[in-house]
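Structural features, examined
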Amino acid sequence: MSAVLAPIKPAERIWVVGAINGDHDALRAVHQKLAPRITPGDRLVYLGNYWGDGSGETVIATINELLLFRRYFIAIDGIDIADIVFLRGASEEMVTKLQQIQFAPNPGEVFDWMLTRGVAGTIRAYGFDPVNVQSIMRQGAHAISQWTSQFADALRRHSGHSALLADLKHAAYTTDGRLIFVHAGLDGSRPLTGQTDTFWWGGSMFESITDRYYDCARIVRGASGSQTGLIEREFTLSLDHGAGRGGSLMALALDGQGKVSDRIESI
């Protein structure tokens with residue numbers, strides 16, 4: 001399998017955390033409830049959208065909270081570093097592409113599109129004014145390159161932020177093939193290695209899955225455009241409860257077949 005796909009050893013209990021969207025308070029509340037429930041042998045998968053459209057303070061605090069809890073989790077006896085996985089969400093895909101935007105044929109239009117998808121909060125979080133950046137995106141490749149270099153430097157000034165961004169996985173799967181974890185979408189007609197950008201923008205494809213995907217018992221995602229909470233179907237499970245957008249953050253414990261055995265909410 002590709003290095004961007006994370007293999008997870010099968011377990012009696014795999015915790016999954018839905019899309020966070022820069023909601024620090026919700027994430028901290030979930031972590032406080034999750035910490036005493038974790039036992040050796042558990043796995044933990046975050047399903048994306050850590051950076052978000054909140055204020056600068058909440059975005060930075062959210063990433064710091066993730067890094068702190070990762071340290072706590074892997075310090076537990078019987079837990080291995082491979083037992084925790086962070087998936088790349090749509091927000092992280094944009095942050096990654098933002099650092100290469102000078103190579104886009106139309107950087108201004110791409111940046112405008114990113115603004116409609118919530119990247120402004122992340123821009124502010126690292127000390128930049130989205131309106132000023134929007135102007136820079138019309139000033140040519142040299143000016144844009146200078147800004148992307150400054151943005152990368154700002155990320156590096158926050159310990160662990162660049163390393164986390166670089167380590168994100170496109171999808172995860174249990175090595176027995178029974179469970180697959182994605183951010184938002186999956187094309188049921190293609191293998192995991194052939195999904196292109198479907199993981200971030202293919203939500204409608206995920207919702208149309210009505211047949212078994214290879215030998216997978218259940219495909220689990222954390223971000224849904226409708227944000228309608230927990231949606232369980234025969235072969236899919238969606239757990240976006242609108243964190244960072246007026247709703248709450250949800251975490252679930254799943255057994256080896258993707259059945260829900262425990263549930264935590266930030267409220």
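Read on for a plain summary of the structure. (Residues numbered from 1 in each chain as written. Predicted model: local features only at pLDDT ≥ 70, side-chain atom pairs only at ≥ 80, totals over all residues. Heavy atoms only, no water.)

1. Remarks on the layout of surface pockets
Roughly 380 Å³ of volume is contained in the largest pocket. Residue lining of the largest pocket: 25 residues in total, with N49, A90, R117, A223 and R245 positioned closest to the centre. Those elements that place two or more of their residues in the lining of the largest pocket are α3 (90-98), α9 (198-201) and α10 (203-207). Per-element tally for the lining of the largest pocket: the top contributor is α3, with 3 residues. Looking at the lining of the largest pocket residue by residue, the class counts come to 8 nonpolar, 11 polar and 6 charged. (1 Å grid on protein atoms, 1.4 Å probe; cavity = no way out; pocket = protein on both sides within 12 Å on 5 of 7 lines; lining within 4 Å. Points joined across faces, edges and corners; volume = space filled by probe spheres on them. Helix = DSSP H or I, 4+ residues; strand = E, 2+ residues; numbered from the N terminus. Nonpolar A, V, L, I, M, F, W, Y, C, P; charged D, E, K, R; others polar.)

2. Focus on the pattern of salt bridges
Inspection of the entire model under this criterion finds 11 salt bridges. E93 is the salt-bridge partner of R88, the closest N and O atoms lying 2.7 Å from each other. Of the two residues examined, R88 and E93, each falls in the buried class. With its nearest N and O atoms 2.5 Å apart, the salt bridge here joins R138 to D112. With R138 in the loop between α6 (130-136) and α7 (141-156) and D112 in helix α4 (residues 107-116), the pair connects residues that are 26 residues apart, well separated along the chain. Overall, R138 belongs to the partly exposed group, its relative accessible area being 49%. D112 sits in the partly exposed class, given a relative accessible area of 23%. One network of salt bridges, in which partners are shared, links R88, E93 and K97. (Salt bridge = Lys/Arg side-chain N within 4 Å of Asp/Glu carboxyl O. Buried < 20%, exposed > 50% of the residue type's maximum accessible area, 1.4 Å probe, protein only.)

3. Observations concerning the sheet that holds strand β10 (residues 250-254)
Spatial strand order, β4-β3-β2-β10-β11: 5 strands in an open sheet with mixed pairing. In the strand order of this sheet, the two ends are held by β4 (84-86) and β11 (260-265), each with one partner. Here the average twist between neighbouring strands, direction ignored, is 15°. Sheet topology places strand β2 (residues 14-17) next to β10; 4 bridges connect them, and they run antiparallel. Bridge assignment links I14 to a residue of β10, and that residue is L254. Along the sheet face, helix α1 (residues 24-34) touches β2, β3 (43-46), β10 and β11 and points at about 135° away from the line of β11. (Pairing = 2+ DSSP bridges. Axes fitted to C-alpha atoms, helices over the stretch in contact; angles between N-to-C directions. Contact = heavy atoms within 4.5 Å.)

4. Quick notes on the sheet that holds strand β6 (residues 179-182)
If you walk across this open sheet you meet the 6 strands as β1-β5-β6-β7-β9-β8, and the pairing is mixed. Two strands lie at the open edges of the sheet, namely β1 (5-8) and β8 (229-232), each paired on one side alone. Pairs of neighbouring strands in the sheet enclose a mean axial angle of 15°, with direction left out of account.

5. A short note on α3
For an α-helix, 3.6 residues make a turn, and residues three or four places apart therefore share a direction. Of all 9 residues in α3, 8 are buried; the element is thus mostly enclosed. Burial in α3 covers these residues: A90, S91, E92, E93, M94, V95, T96 and L98. In this fold, the buried residues of α3 make contact with α4, α5 (120-125), α7, α8 (161-167) and α9.

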